[in-house]
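Chain by chain, the residues run as shown.
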Amino acid sequence: MAMKNIPTVDLIPFLRQECEDERLKVVESITKACVEYGFFQIVNHGVPFDLTSEALKLAKAFFESPNEAKLKYCPLPNALVPAGYNKKPNPSYEFNEFLIMLPPGSHFNIFPPNPPQFREVMEELFSQFLKIGMVVESILSECLGLPPSVLKEFNDDRNWDFLIALFYLPATETERIGANSHKDVSCFTIVLQDEVEGLEVQKDGEWILIAPQPGALVVNIGDALQVLSNDKFKSPSHRVLRPNGRSRNSFAFFYSLSGDKWIEPLPQFTKEIAEKPKYRPFLYKEYLQIRKENKSKHVSRLEDEITISYYAIPEE
């Protein structure tokens, strides 16, 4: 594993509407990070530290409760997204538990009554991540050289965003994998880590640790933005290794697309600059479905997993 540092960017210039020079430095830093790693960390993002600390504490308490208690909050059978408590099959090539939350108010959401306040805290965390997600979207739009409203107008349905609380048991002598190497299907993902290491990104064949920083959030590019930008920004492979001797928990917020959206490279990256599109048009929920079916086969290697390359147009 390489000892390199993923860039950390202070968002104060964007949240306080500071001078143009300071905002430009943020855009330059994030653009460089997206091109080199597909990952960056943000600080001074406006999500209250007290809220993130409480969310991590309550999630840990829930996941450490007895199995029979957690299994009462499994997803509804007809849910499009398995909102509620999920556990990877055993045996599995991954070892984690997670609780999925759709936007507050969704009738698919299932919350345990214990620990108390878990639902309220997760709903507030969802709202705060959505708020900063909109800021990140506007910054990424600038990073890509797009007019300010292009991404926002294309991606104006927030009903497909979702939040996951994740829990990883300590590593065993024979197994360390918490989440196998994968790429996210979202436009981008916002991750809250506890103080325990484990998240890594792959670059040039090396695994680079994304070391937790107090108060920081991690952002990574997803498949949807890779397609929209015609590969200007790419969705990176990343994984989670389970720590030795202690559990790890985190939250991941997926800033997504409407499943009913047809997706293809934006004209700003094709027609307007006389470049050929690298992906054929496809319905976003079709991609989600084939990924889900592929995952259900317990595919254990990234090369066997269906990725966004499924829609790639072969080079002539």
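Remember, predicted model here, so these are calculated numbers, not experimental data. (Residues numbered from 1 in each chain as written. Predicted model: local features only at pLDDT ≥ 70, side-chain atom pairs only at ≥ 80, totals over all residues. Heavy atoms only, no water.)

(A) Broad picture of the sheet that holds strand 6 (residues 177-182). Across the sheet, which stays open at both edges, the four strands sit in the order 6-11-8-9 with antiparallel pairing between neighbours. The two strands at the open ends of the sheet, each matched to only one other strand, are strand 6 and strand 9 (206-209). Looking at each pair of strands side by side, their axes are set apart by 30 degrees on average, direction ignored. (Pairing = 2+ DSSP bridges. Helix = DSSP H or I, 4+ residues; strand = E, 2+ residues; numbered from the N terminus. Axes fitted to C-alpha atoms, helices over the stretch in contact; angles between N-to-C directions.)

(B) Region of interest: the sheet that holds strand 1 (residues 8-10). A sheet is described by the order of its strands in space; here eight strands give the open sequence 1-2-10-7-12-5-4-3, paired in mixed fashion. What marks the edges here is a single partner per strand, and that holds for strand 1 and strand 3 (84-87). Direction aside, neighbouring strands of the sheet carry axes that sit 25 degrees apart on average. Pairing of strand 7 (residues 188-193) with strand 10 (residues 217-221), which is carried by four bridges, proceeds in the antiparallel orientation. By the bridge assignment for strand 10, Ile190 is matched with Val219. Against the sheet, helix 5 (residues 118-143) touches strand 2 (39-43), strand 4 (97-101), strand 5 (162-168), strand 7, strand 10 and strand 12 (248-255), its axis set at about 50 degrees to strand 12. (Contact = heavy atoms within 4.5 Å.)

(C) Molecular detail of unusual backbone geometry. In this structure, Pro115 follows Asn114 across a cis peptide bond, with omega equal to 0 degrees. For Pro115, the position within the fold is in the loop between strand 4 and helix 5. Look at Asp204: it is not a glycine, yet its phi comes out positive at around 50 degrees. Relative to the assigned elements, Asp204 resides in the loop between strand 8 (199-203) and strand 9.

(D) Spotlight on the side chain of Asn230. Tracing the backbone shows Asn230 in the loop between helix 7 (223-228) and strand 11 (238-241). In this structure Asn230 comes out as buried when scored by relative accessible area, which is 5%. Among residues more than four places away in sequence, those in contact with Asn230 are Pro265, Phe269, Thr270, Glu275, Lys276, Pro277, Lys278 and Tyr279. (Buried < 20%, exposed > 50% of the residue type's maximum accessible area, 1.4 Å probe, protein only.)

(E) Geometry of the packing of aromatic side chains. If you walk through the whole model with that rule in mind, you get 13 aromatic pairs. Centroid distance Phe282 to Tyr287: 6.0 Å. Interplanar angle 70 degrees. Geometry classified as edge-to-face. There is no split in this pair, since Phe282 and Tyr287 are both buried. Between the aromatic rings of Phe282 and Tyr311, the centroid separation amounts to 3.8 Å while the plane-to-plane angle is 15 degrees, which identifies the pairing as stacked. Of this pair, Phe282 sits in strand 14 (residues 282-283) while Tyr311 is found in the segment after helix 8 (284-295), placing the two residues 29 residues apart along the sequence. Using a relative accessible area of 1% as the deciding quantity, one classes Phe282 as buried. Three or more aromatic residues joined by ring pairs form one cluster here, namely Phe62, Phe63, Tyr85, Phe118 and Phe167. Between the NZ or CZ atom of Arg23 and the centre of the ring of Phe14, over which it lies, the distance is 4.2 Å. (Phe/Tyr/Trp six-rings, centres within 6.5 Å; stacked < 30°, edge-to-face > 60°. Lys NZ or Arg CZ within 6 Å of the ring centre and 35° of its normal.)

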